[in-house]
Amino acid sequence: MVCDDSVFQRIKKLKKKRDAVILVHNYQPGEIHQIADFVGDSLELARLAAKTPAEVIVFCGVHFMAETASILSPDKKVLLPAVNAGCPMADMVTPEALADLKQELPGYAVVTYVNSTAAVKALSDICCTSANAVRVVSSLESNNILFVPDRNLGKYVQSKTGKNFRLWPGYCPVHDGITPAHILECKNSYPQAKVIAHPECRMEVLELADEVLSTGGMVKYCRDKTGVDIIVATDAGMLYRLKKENPSVNFIPASIKATCKDMQMTRLLDVEHSLQEMSGEVKVPEAVRLQAYRAVERMVELG
Ligand code: 13P
Ligand code: SF4
């Protein structure tokens with residue numbers, strides 16, 4: 001893509017004028033990485049959103065990420081430049097349906113993946129991300145866990161902790177679409193390759209992986225690698241950062257169809273427009289925020 005240099009300059013000026021910080025998720029398009037103050041996974045970005053001194057947080061990611069920033073930093077203005085960028089998995093659970101299931105399962109600790117709405121977080125005991133889900137569940141006294149909404153991540157955490165899980169039947173269409181056949185096909189072409197997989201993938205895929213990692217974990221794992229082949233089972237958008245930081249490594253996407261269209265929605269002009277007009281604000285109503293804050297803050301405090 002041809003980038004207009006002046007749009008970078010205009011964003012830089014607006015950022016200063018608005019006292020804004022630009023947080024960018026690892027899956028975002030390459031051009032958006034170029035304007036980032038910080039690039040990271042959901043947990044890293046939530047932590048940064050909680051402690052930034054900036055007045056305005058521009059969240060280049062999807063809606064639940066901006067909501068999490070708003071939950072943690074209610075005094076800041078949180079802008080989501082790609083106003084329609086959602087997460088289909090987050091929409092697979094409603095607060096009403098969760099409240100009903102909680103009634104049926106007294107004594108279960110509700111562990112909610114951050115890929116969920118603020119209203120669902122508000123009904124939860126604690127949140128987790130893919131980077132800390134095993135640690136979060138292990139930290140709980142309860143042996144009975146209601147895990148919401150990702151059944152694949154839940155199954156993985158169940159296998160690691162040995163606790164009794166009730167799994168919400170949600171999933172990420174991007175990761176769930178990666179199959180063992182995709183991995184085996186790549187392995188056939190690159191027999192020496194290591195396989196790294198995101199825990200939103202199905203268990204059959206995770207069983208073929210050398211490492212199961214959050215997007216931030218993938219960045220760290222690849223840091224000291226040179227001249228090798230690595231098969232990456234996650235959103236193909238992840239390859240931009242991995243290739244940029246590790247130019248001698250041959251990264252192979254497990255499936256080129258695994259692309260999150262919501263994560264790819266952000267454009268430079270959206271960021272400029274959002275900062276210019278202060279548009280795309282995401283604000284969680286205070287009553288919901290206070291409830292959701294407990295669950296998110298409990299996760300952040302775990303370290
Ligand atoms: P990470 O928390 O690993 O960045 O993943 C977020 C996500 O949406 C994966 O699909
Ligand atoms: Fe949601 Fe999947 Fe996209 Fe992540 S990759 S934002 S879980 S749809």
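The residue count restarts for each chain, going from 1 along the sequence in the order it is written. Numbering of ligands from 1 and lettering of chains from A proceed in the order in which they are written. In view of the model being predicted, local features appear only for residues whose pLDDT reaches at least 70, and side-chain atom pairs are presented and counted only at 80 or more, with totals across whole chains, interfaces and linings using the full set of residues. Note that the side-chain values use all heavy atoms of the structure and ignore hydrogens as well as water.

**Side note on the environment of Lys220**
- Position of Lys220 relative to the elements: it lies in helix α12 (residues 215-222).
- It is 9.7 Å that separates the C-alpha atoms of Lys220 and Leu242, two residues lying 22 residues apart in sequence. Only DSSP runs of H or I with at least four residues qualify as helices, and only runs of E with at least two residues qualify as strands; both kinds are numbered from the N terminus onward.

**Observations concerning the site of ligand 1**
- What makes a residue near a molecule or strand is one non-hydrogen atom of that residue sitting within 4 Å of it. Lining the immediate environment of ligand 1, one finds His25, Tyr27, Asp41, Ser42, Asn115, Ser130, His175, His198, Glu200, Ser214 and Thr215.
- For ligand 1, an oxygen atom lies 2.7 Å from a polar atom in the side chain of His25.
- In protein, a polar contact means a hydrogen-donor-capable atom and an acceptor-capable atom, both N or O and within 3.5 Å, with residues adjacent in sequence counting only if both atoms are side-chain atoms; elsewhere, any N or O pair within 3.5 Å suffices. Between ligand 1 and Glu200, the relevant distance is 2.9 Å, taken from an oxygen atom to a side-chain nitrogen or oxygen of the residue.
- Think of a 1 Å grid over the protein atoms and nothing else: a 1.4 Å probe that fits but is trapped marks a cavity, an open set flanked by protein within 12 Å on at least five of seven lines marks a pocket, and residues with an atom within 4 Å of a point count as lining. Each molecule is assigned to a cavity or pocket provided more than half of its atoms lie within 2 Å of the corresponding grid points. For ligand 1, the cavity whose grid points lie within 2 Å of the majority of its atoms is the largest cavity.
- Of the residues contributing to the shell around ligand 1, the split by class is one nonpolar, eight polar and two charged. In this count, Pro and Cys sit with the nonpolar residues alongside Ala, Val, Leu, Ile, Met, Phe, Trp and Tyr, while Asp, Glu, Lys and Arg are called charged and the others, Gly among them, polar.

**Notes on the packing of aromatic side chains**
- Aromatic rings from Phe, Tyr and Trp, with only the six-membered ring used for Trp, were paired whenever their centres fell within 6.5 Å, and each pair was classed as stacked if the ring planes differed by under 30 degrees, edge-to-face if by over 60, and tilted otherwise. Scanning the entire structure with this criterion turns up one aromatic pair.
- Here the guanidinium or amino end of Lys225 rests over the ring plane of Tyr221, the centre of that ring lying 4.1 Å away. Two thresholds decide whether a charge sits over a ring: the Lys NZ or Arg CZ must be within 6 Å of the ring centre and within 35 degrees of the ring normal.

**Let's talk about the site of ligand 2**
- What surrounds ligand 2 is the set Tyr27, Cys87, Pro88, Met89, Asn115, Cys172, His175, Glu200 and Cys260.
- Here ligand 2 is seated within the largest cavity.
- Residue composition of the shell around ligand 2, grouped by class: six nonpolar, two polar and one charged.

**Observations concerning the packing of helix α3 (residues 42-51) against helix α4 (residues 63-72)**
- The geometry of α3 relative to α4 is characterised by a closest axis approach of 8 Å and an angle of 35 degrees between their N-to-C directions. Crossing of α3 over α4 shows right-handed handedness. The residues of α4 that touch α3, namely those facing Ser42, Ala46, Ala49 and Ala50, are Met65, Thr68, Ala69 and Leu72.
- Split by residue class, the contact of α3 with α4 holds six nonpolar, two polar and no charged. In this analysis an axis means a line fitted to C-alpha atoms, helices contributing only their contacting stretch, and an angle means the value between N-to-C directions, from 0 to 180 degrees. Rotating anticlockwise by less than a right angle from the far helix to the near helix defines a left-handed crossing, while the corresponding clockwise rotation defines a right-handed one. We call two residues contacting when some pair of their heavy atoms lies within 4.5 Å.

**As for the sheet that holds strand β6 (residues 126-128)**
- Within the open sheet, the four strands sit side by side as β6-β5-β7-β8. Their pairing is parallel. Strand pairing shows two members of the sheet lacking a second neighbour, β6 and β8 (164-167), which therefore form its edges. Between one strand axis and the next, the sheet turns by 30 degrees as a mean value, whatever way the strands run.
- Pairing between two strands requires that DSSP report at least two bridges joining them. Relative to β8, strand β7 (residues 144-148) runs parallel, the two being bridged by four bridges. Counted as the bridge partner of Leu146 is Arg166 from β8.
- Contacts between helix α5 (residues 95-104) and the sheet are confined to β5 (109-113), β7 and β8, with β7 contributing the most and set at about 170 degrees to the helix.

Taken by themselves, the reported measurements are silent on function.
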